[in-house]
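As a plain string of letters, each chain reads:
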Amino acid sequence: MGTRRWVAAVFLLPALVLLGALVVYPIVFSVWRSLFDVSGDGFVGLGNYGAMFSDDAIRTALRNNVIWVVVAPTVSTALGLIFAVLTERIRWGTAFKLVVFMPMAISMLAAGIIFRLVYDQAPERGVANAVWVGVHDTFAEPAPFPGAKPRPNTGLRPSGGGAFTTKSAVRAGTSGSPPSSGPSADLPLVAVRQSDVRDARPAAVARPQPGRITGTVWLDFTRGGGGRPKVIDGNEKALAGLTVEAVKGGAVVASATTAADGTYALPADKADGARLRLPAANFAEAYHGVDWLGPALVTPAIIGSYVWMWAGFAMVLIAAGLAAVPRELLEAARVDGAGEWQVFRRITVPLLAPVLVVVLVTLMINVLKIFDLVYIIAPGSSVRSANVLALQLFQSSFGTDVDEGLGSAIAVFLLLLVLPVMYVNLRRIRKERAR
């Protein structure tokens, strides 16, 4: 246009000054600082880089970064593609896209706080475990009296796996007899939670029945004191719904479930001479769900929160690319007899390839710098397992054991990891412009 170069330089100068102050200078300083020790006075050359790869925490962070780069962009892009294609033909597709994209309006800090609560171990607070526990308890009956155990010196002893078995065998004619008169079919328990017996009926003494071995299972505890051990007192609660098994030679020959008053009855022809066992299923602790933020699952759990935020971003970009796909190509393929899956795989995906690459590369650059979600969601006990390079950079530079030399080396290494992805992105942009 004939504009003098010095005029262009004047207009570019403010941007160049900001670029140099905010980008170029920090990069140069980080490279220089990475060559010095903790104090910044001793030159160590590449020593910080060697220490970086010999540190277990940093190696864990590097491994987690690889997982992030492979899993998070791929899953987000795949979900975005599926949402964009499936919502194209439905009336409420726009509303659905709005809902899916809405998490993008939430900051990483807010999303981290939300998912820290979602993944809470306690089902009454954590949504994920509330759903998981609800599904589990639908198919697995919870224990009636978790944590209960026999009263000491009553002949019941642990028999492995949380079960309790009588020391002596019961004989026909045994019916709630006290221990002093022979083997007892009464089974007193303690350590029962008050909430589990709040609405329970008073325990009843089992009555003799012809051809049956009877007994009572009850909470041998009187509130306020005054009760007698191993004896059913008037106000002591029955333990209904417990399973009582008769065992001979390690095999269950008969079983019964205690009634509302705590009594049960076993057939004498099978249970005579057997030992009574209270199986572990009576006392198993309540299922509390999955430890989402434990060392084993913390990284997949955080990646799940990232996908929740960024799948909408991928969906919107892919939907824009899908709107530009020539409809006549899709219709021609259907006329030629191609099924919807063939149209999707052979035509839609290849035509969307440039858009998919843009989304994938953008998300890869984004996850290489992931910090906020990991810092907020991972509890202190799992931070080392969820560690990533950006978090390790923060901890090395500003944490308890400050080592700015090591932190600068991590920053330079992280920059080197981002550069190839940025190079691929720039080449793609130039090819698009050349077209």
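Every value quoted in this text rests on a predicted model; they were computed, and no experiment measured them.

Student: Help me understand the overall build of the protein chain, please; the structure alone is not making it clear to me.
Tutor: Within the protein chain one finds 15 helices and nine strands. At 34 Å, the protein chain has a C-alpha radius of gyration far larger than the 22 Å of a compact globule built from 435 residues. Each of the three principal axes of the protein chain carries a C-alpha extent, and together these read 115 × 75 × 40 Å. Sorting the 435 residues of the protein chain into buried and exposed places 39% on the buried side. Put simply, the protein chain shows about 24200 Å² of open surface, and 64% of that area lies on carbon and sulfur atoms. With 40 positive and 30 negative side-chain charges, the protein chain shows a spacing of 4 Å between the two charge centroids.

Student: Any chance you could explain helix α1 (residues 5–33) here in plain terms?
Tutor: Each α-helix turn comprises 3.6 residues. Residues three or four places apart therefore point the same way. With 29 residues, α1 extends just 36 Å between its outermost C-alpha atoms, more than 12% less than the 42 Å of an ideal straight helix rising 1.5 Å per residue. The largest bend in α1 amounts to roughly 45 degrees and is located at L12, with the proline P14 lying one to four residues further along.

Student: What is the right way to read the sheet that holds strand β8 (residues 263–267) from this model?
Tutor: Whether parallel or antiparallel, the strands of a sheet pair through hydrogen bonds between backbone atoms. Pairing in this open sheet of four strands is mixed, and the strands run β1-β4-β5-β8 from one edge to the other. Two strands bound the open sheet, and with one partner strand each, they are β1 (149–150) and β8. One ladder, built from two bridges, connects β1 with strand β4 (residues 187–190); its direction is antiparallel. By the bridge assignment for β4, P150 is matched with L189.

Student: Can you walk me through the pattern of salt bridges in this structure?
Tutor: Any two side chains of opposite charge can pair, so long as their charged atoms come close to each other. As enumerated under the stated definition, the model contains 10 salt bridges in all. R33 is the salt-bridge partner of E404, the closest N and O atoms lying 3.7 Å from each other. Taken together, the residues span a long stretch of sequence, with E404 in helix α15 (residues 404–434) and R33 in helix α1 at a distance of 371 residues. Note on R33: relative accessible area 9%, which makes it buried.

Student: For this particular structure, what's the right way to read the environment of R223?
Tutor: Note on placement: R223 falls in the loop between β5 (212–219) and β6 (243–248). Placed 13 residues apart in sequence, R223 and E236 show a C-alpha to C-alpha distance of 8.3 Å.

Student: Looking at this structure, how should I read the pairing of strand β9 (residues 275–278)?
Tutor: Side-chain alternation along β9 places L276 and L278 on a buried face and R275 and R277 on a face that remains uncovered. Sheet topology places strand β3 (residues 164–166) next to β9; two bridges connect them, and they run antiparallel. Paired with T165 across the two strands is R277, which belongs to β9. Pairing geometry for β6 and β9, over three bridges, is antiparallel. Residue pairing across strands places V247 opposite R275, the latter belonging to β9.

Student: Sorry if this is basic, but what is going on with the sheet that holds β6 here?
Tutor: Read from one edge to the other, the open sheet built from five strands follows the order β2-β3-β9-β6-β7, with strand pairing classed as antiparallel. Here the strands that pair on one side only, and so sit at the sheet edges, are β2 (156–158) and β7 (251–257). Averaged over neighbouring strand pairs, the angle between their axes works out to 30 degrees when direction is ignored. Here β2 runs beside β3; their pairing, made up of three bridges, is antiparallel. Bridge assignment links L156 to a residue of β3, and that residue is T166.

Rules used in this analysis
- Residues numbered from 1 in each chain as written.
- Predicted model: local features only at pLDDT ≥ 70, side-chain atom pairs only at ≥ 80, totals over all residues.
- Heavy atoms only, no water.
- Helix = DSSP H or I, 4+ residues; strand = E, 2+ residues; numbered from the N terminus.
- Rg over C-alpha atoms; globule rule 2.2 N^0.38 Å.
- Buried < 20%, exposed > 50% of the residue type's maximum accessible area, 1.4 Å probe, protein only.
- Areas by Shrake-Rupley, 256 points an atom, 1.4 Å probe, with all protein chains shown as cover.
- Lys, Arg positive; Asp, Glu negative; His and termini not counted.
- Charge placed at Lys NZ, Arg CZ, Asp CG, Glu CD.
- Expected span 1.5 Å × (residues − 1).
- Bend = angle between axes of the 7 residues up to and from the residue.
- Pairing = 2+ DSSP bridges.
- Salt bridge = Lys/Arg side-chain N within 4 Å of Asp/Glu carboxyl O.
- Axes fitted to C-alpha atoms, helices over the stretch in contact; angles between N-to-C directions.

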